[in-house]
Amino acid sequence: MTVGKDVSALFPDVVNCMQTDNLELKKLVYLYLMNYAKSQPDMAIMAVNTFVKDCEDPNPLIRALAVRTMGCIRVDKITEYLCEPLRKCLKDEDPYVRKTAAVCVAKLHDINAQLVEDQGFLDTLKDLISDSNPMVVANAVAALSEIAESHPSSNLLDLNPQSINKLLTALNECTEWGQIFILDCLANYMPKDDREAQSICERVTPRLSHANSAVVLSAVKVLMKFMEMLSKDLDYYGTLLKKLAPPLVTLLSAEPELQYVALRNINLIVQKRPEILKHEMKVFFVKYNDPIYVKLEKLDIMIRLASQANIAQVLAELKEYATEVDVDFVRKAVRAIGRCAIKVEQSAERCVSTLLDLIQTKVNYVVQEAIVVIKDIFRKYPNKYESVIATLCENLDSLDEPEARAAMIWIVGEYAERIDNADELLESFLEGFHDESTQVQLQLLTAIVKLFLKKPTETQELVQQVLSLATQDSDNPDLRDRGYIYWRLLSTDPVAAKEVVLAEKPLISEETDLIEPTLLDELICYIGTLASVYHKPPSAFVEGSRGVVHKSLPPRTGSSESAESPEAAPSAGQAAEQPAVIPAQGDLLGDLLNLDLGPPVSGPPLAASSVQMGAVDLLGGGLDSLLRSDVGGSPAMGGSGFTAPGPAAPAGMGAPLGSGLGDLFDLTGGVGTLSGSYVAPKTVWLPAMKAKGLEISGTFSRQVDSISMDLVLTNKALQVMSDFAIQFNRNSFGLAPAAPLQVHAPLAPNQSVEISLPLNTVGSVMKMDPLNNLQVAVKNNIDVFYFSTLYPLHILFVEDGKMERQMFLATWKDIPNENEAQFQIKDCSLNADAVSSKLQGSNIFTIAKRNVEGQDMLYQSLKLTNGIWVLAELRIQPSNPSFTLSLKCRAPEVSQYVYQAYDAILKN
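Now for a quick tour of the structure. This is a predicted model, so every value here is computed, not measured. (Residues numbered from 1 in each chain as written. Predicted model: local features only at pLDDT ≥ 70, side-chain atom pairs only at ≥ 80, totals over all residues. Heavy atoms only, no water.)

Brief notes about the pairing of strand S13 (residues 883-889)
A regular strand places its side chains so that they alternate between the two faces of the sheet. What counts here: The classification of residues rests on relative accessible area computed with a 1.4 Å probe and restricted to protein chains. Under 20% of the type maximum is buried, over 50% is exposed, and intermediate values are partly exposed. Think of it this way: any DSSP run of H or I at least four residues long counts as a helix, any run of E at least two long counts as a strand, and we number them from the N terminus. Only strands that DSSP links by at least two bridges are regarded as paired with each other.
The buried fraction of S13 amounts to seven of the seven residues, a majority that puts the element mostly inside the structure. What you see with S13 is no split at all: Phe883, Leu885, Leu887 and Cys889 on one side and Thr884, Ser886 and Lys888 on the other are buried throughout. Across six bridges, strand S9 (residues 820-825) lies against S13 in antiparallel orientation. Note on S13: the bridge partner recorded for Gln824 is Thr884. Relative to S13, strand S12 (residues 869-876) runs antiparallel, the two being bridged by six bridges. Bridge pairing links Ala872 to Leu887 in S13. Counting the residues between successive antiparallel strands, the hairpin from S12 to S13 contains six residues.

Following this line, the structure appears as C-alpha cells:
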C-alpha cells in the first residue's frame, strides 16, 4: 500500500485482523483502514464494532488509537456510529485519550458540523479547557480554534479572565505545539484594561526564551498586540521593549530558511516599533555566504533602522555591497544608499558622493541604479546637489533600461536651464521614440514640453515633432491623451501651461515602501503565519469557503473614547468575534459600501456606449423597435426576431412575445402611491435573563424617506431602570441612530415602554457577515448590554428606485452574466397585479410587465441607500404558486438578502 499498489481487494481479510491484541499489528490495520475506507465505505462499516470495543479497552494507548483512527475515516455513513465511543473518550480518565478525542471532534466537525453540534460535543470541548492536564487544554484550544476558523460568526472560544488564567497556567507545562495553540488563542483575546494586558504579558514573556522559533514568534505576536494597550510612560513598557530584542536577534542564527521567515516578521515589527531593534543594526549586516533572499531582506531592514546615530556604519557597509558580484544585490544596495540619503538628511551629502564614486566605476547596472536614485535625491533636496548633473550627462549613452532612461530624461527636462545642450540630449532620445517603452515616451514628452516653456525660441520644432509623434503616430491612449492636453494648453494659454507643467513639486516622503498602517496592524496580528511572510492578509491568498476573519490591534490606551461607549469597550467575546475592519480594496462590496467616499450615485454607472449604440438588447430585437409605439404588427416582432436573444438575456426572455409591446413600459404613469412598506412582527432581541432583567424586542420599519427601529423595553427586574442610551457597531450599510434613545420616565419593575428610534445611514461602514447583521449596545443605570439582530434589507430600499426604461435595458445588458442569481419564491398565490402593488409599497418598482406563453413577466428595479441598484425579473405562472426571481446587481453579495426581502414582503 505504501509503495502505491492497490491492495483494496484484501479489505475483508484485513478487517478480520482488527481483533488482535498485538498493538503493532493493530496500528498497521488501522493505517490500512484510514487509507481505503473512503473507496470502500460499505466494507468500512464492518469495522465499527471493533472501534466501539477498542474504545473500552483497558489499555489507554489502544483507546486513543481507536479514537484517532475514527476521526481520520471520512465516511458519512460511519460518523453517527462513532458518536457514542467519542463521547466516552472525551470523558476518559486517561489524559492521553482525552487529548486525542479533543482533536477528533474537530475532524468530525469538518465532516459533519451539524452532527457535532446536535450531539453537544462543542460544549464538552469547552469544558476540556478547564481540564487538569495541560496537553488536554492545548488540544481542546486547538480544536475549538480550528472549528471557529471555519465558522467565523460562531463565538466558540468565549474567553474571559478565568479561562485566560487557566490557559496561562497550562502554557508552562505543554509541549511546544501546545504552547503555540494557546499563544495563538491568547492573541485573539481582548483584555478589559491595561492592567490585565500587562499581567498577561508578564506571564507570556518567559516563552521568548524557548528553543522553538515558532513558539518565540507566537509569543512576540501576543506581546506586540497587548503592548498597544500599555501606556508608553510605564516602566514595564520600556522593560518589555528591551526583552523583545534578544529573541529576535537569536532567530537570525538559525538556518537560512528560518532566518528568512524571521526577517520577514522583523520587517513588520520594525515598521510598527523601530525602537525595539534600533541598537541591533550589526546583526543585519550581510554575511558573504547568506543566500540572496536573506541578503535582500536584511538590506531592507538596515534601511528601516538607519538613523543619524548609525548612518556612517550603514553607508560604509552599503558601499562595500555595491562592489559585490551578485547583480540583484548590488542594484538593491545602490538603491539603499539613495534611500538612506532621503531618510537621514545629515547623510545626504555623503550618500551623493558615494553614488558619484560608484558612477565612476562605469559598471553599467550600477550607473543606471545610481541615476534612478539621484533623481529621487533631487526631488527631496531641490537646489542642493545639481552640480552633479554634468557627471550624469556623461553616462547618457550607456543607459539601456527604461527606468534609468526615464530618470535621466526627467533630470534633463527639470534642469534644462542649467544644461546648455539640453535640446540636443533630448533630441537624441527622440530618434527612436517608437521603440522606447511607454514610461520613457511619457517622460520624454513632458521633458520636451518643459524645455519648450523654458527656452521657447530654440525648441519650437522639437516640441511640434514630439507632439505629433505622441498624438498622430502613437496608438497608446495614455500617451495620446497627454499629448493632446499639452497641445491644447500650449496653443490656448501658454501661461497656464507654464503654471501646470512647471508647478512646484511636493517633496517626496522618506519611506515610500512602508505598509499602509491599517494593513500593518492586521499583519501584526498574524506574526508567525504565512501572512507575515507574504506581507498580505490571509483573505488575499487563502481560497475556499472558509471565511477569513479580519483581525486588528486593540485600541491604544488613553484614546478619547470613554470606556462606556460600546465601540470602545466591547465585551471580550464580541471583540474577538467582530474586530474592526476596513473593507478590502479588492472587495467589490467594500468599495460600493464605503459611504464616506461621497454622495451616493444618482444612477447606475453605465458604459457610455451601451445606451447610445443600443447594442444587442436583452429582448432580442433592437432597442428602437422595442420602444416604438406601433410595435403590434411590426415584422421585427415576429417569432424569428426572438429566437436567439443576446447572451445577456435572462432565462425566459428569449420567448416570443404574446402581446403587443406598445405598452411594455407603461405599467403606471408615474410612481404609484405607497400602500405602506411591509413591517415584520416584533421579536425578542435581548432576553431578560441575559440582560439583568431588561428585555428588548423590536422590529424595523420604513416610512417615506425615513427608517426607524421600533423597540419595546420591558423591565423584568426588581429595581427601577433609567439613563438609557444606545449605540450601533459599524455595519454594512452605515446604519446609526439619528437621535438619542429617549425614555422619558424611569422604567419601573414589570413596566414596558414603546419607542420609535429614527435611524440614518451615515454611520461608519464595515462589511458584516451576514451582510444585514447589526450589533447593538444598550446602556442603562445597571450595565451595558450587547445583542445582535438581522435587519430586513427592504428598509434600505429608497423611494427613487424606479429606473428609466432605456436605462434598465442597457444596465441589464451591461452587468456581467455571472452576477445573475436565481431564486424560487414558494407558496405564493398572488396574481401579477397584486404582486406589483404589494412590492411597490416597499419601494420595489415595476418598470415593465408582459405575458409570454401564459406566464406573467415583471421587470423591476430597486435602489439601496448607498446607491447600489438591483434589477429583477419575476416570472409568475397563474396556476403555479412558485415564482422565479432573477436578480442582477453589480454587487452580487446583496442578491441573497434582496431575495429574502421579496420573500418576506410577498408572504405577509
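Okay, back to it.
Some points on the sheet that holds strand S7 (residues 773-779)
Just so we agree on the cut-off: Axis definition: a line fit to C-alpha positions, over the contact stretch in the case of helices; interaxial angles, taken between N-to-C directions, run 0 to 180 degrees.
Read from one edge to the other, the open sheet built from three strands follows the order S4-S7-S8, with strand pairing classed as antiparallel. The outermost strands of the open sheet, each flanked by one partner alone, are strand S4 (725-728) and strand S8 (784-790). Within this sheet the neighbouring strands show an average axis-to-axis angle of 25°, counted without direction. Bridging between S4 and S7 involves four bridges; their strand directions are antiparallel. Looking across to S7, one finds that Phe728 is bridged to Val776.

Notes on the nonpolar core
Quick note on the threshold: We call a set of buried Ala, Val, Leu, Ile, Met, Phe, Trp, Tyr and Cys residues a nonpolar core when their side-chain atoms join them within 4.5 Å. The contact definition used throughout considers only heavy atoms, calling two residues in contact when any of these lie within 4.5 Å.
Phe51, Leu86, Val204 and Phe378 are the most contacted members of the largest nonpolar core, which totals 202 residues. Aside from chain neighbours lying at most four places away, what touches Leu86 is Val67, Met70, Ala101, Cys104, Val105, Leu108 and Phe121. The next biggest cluster of nonpolar side chains, apart from the first, holds 64 residues, and it includes Phe724, Leu757, Cys889 and Ala891.

Here we look at the side chain of Asn773
Mapping Asn773 onto the fold places it in strand S7. Every residue in contact with Asn773, bar those within four places of it in the chain, is listed here: Asn731, Met768, Ser788, Thr789, Leu790 and Tyr791.

Some words on a negative patch on the surface
Test applied: Distance thresholds for patches are 9 Å for like charges and 5 Å for nonpolar side chains (Val, Leu, Ile, Met, Phe, Trp, Tyr), applied to residues having over 30% relative accessible area and no salt bridge. Here the accessible surface of atoms and residues is derived via Shrake-Rupley with a 1.4 Å probe, and residues count as covered only by protein chains that are part of the display. By definition here, a salt bridge exists when the distance from a side-chain nitrogen of Lys or Arg to a carboxyl oxygen of Asp or Glu is within 4 Å. All tallies of charge rest on Lys and Arg as positive and Asp and Glu as negative; His and the ends of each chain are not included. Each charge is placed at NZ for Lys, CZ for Arg, CG for Asp and CD for Glu.
Side chains of Glu424, Glu427, Glu431 and Glu461 sit close together on the surface and give a patch of like negative charge. With respect to the helices and strands, the residue Glu424 is situated in helix H25 (residues 422-430). In this structure Glu424 comes out as exposed when scored by relative accessible area, which is 54%.

Comments concerning the pairing of strand S2 (residues 694-703)
Taken across its ten residues, S2 has nine buried, putting it largely inside the fold. Note: strand S1 (residues 683-686) against S2, three bridges, orientation antiparallel. In the strand pairing of S2, Leu686 is matched with Ile696. The sheet contact formed by S2 and strand S3 (residues 706-715) spans ten bridges and is antiparallel. Across the sheet, Gly698 pairs through a bridge with Leu711, a residue of S3. Taking the residues between adjacent antiparallel strands as the criterion, S2 and S3 are bridged by two residues, where Asp705 takes a positive phi near 60°.

Comments concerning the pattern of salt bridges
Here the structure, examined in full by the defined rule, presents 32 salt bridges. Measuring nitrogen to oxygen at the nearest pair gives 3.6 Å for the salt bridge that ties Glu228 to Lys272. Taken together, the residues span a long stretch of sequence, with Glu228 in the loop between helix H15 (213-227) and helix H16 (235-251) and Lys272 in helix H17 (residues 256-272) at a distance of 44 residues. For Glu228, a relative accessible area of 6% gives the class buried. Given a relative accessible area of 23%, Lys272 falls into the partly exposed group. Across the pair Arg331 and Glu369 runs a salt bridge whose closest N-O atoms are separated by 2.9 Å. Of the two residues, Arg331 sits in helix H20 (residues 327-343) while Glu369 sits in helix H22 (residues 364-380), which places them 38 residues apart along the sequence.

So, helix H24 (residues 402-414)
What counts here: Take the residue count of a helix, subtract one, and multiply by 1.5 Å to get its expected span.
Look at H24: 18 Å from first C-alpha to last across 13 residues, which is about the 18 Å you get at 1.5 Å a residue. Counting buried positions over the 13 residues of H24 gives eleven, a clear majority of the element. Along H24, the positions that sit buried rather than exposed are Ala404, Arg405, Ala406, Ala407, Met408, Ile409, Trp410, Ile411, Val412, Gly413 and Glu414.

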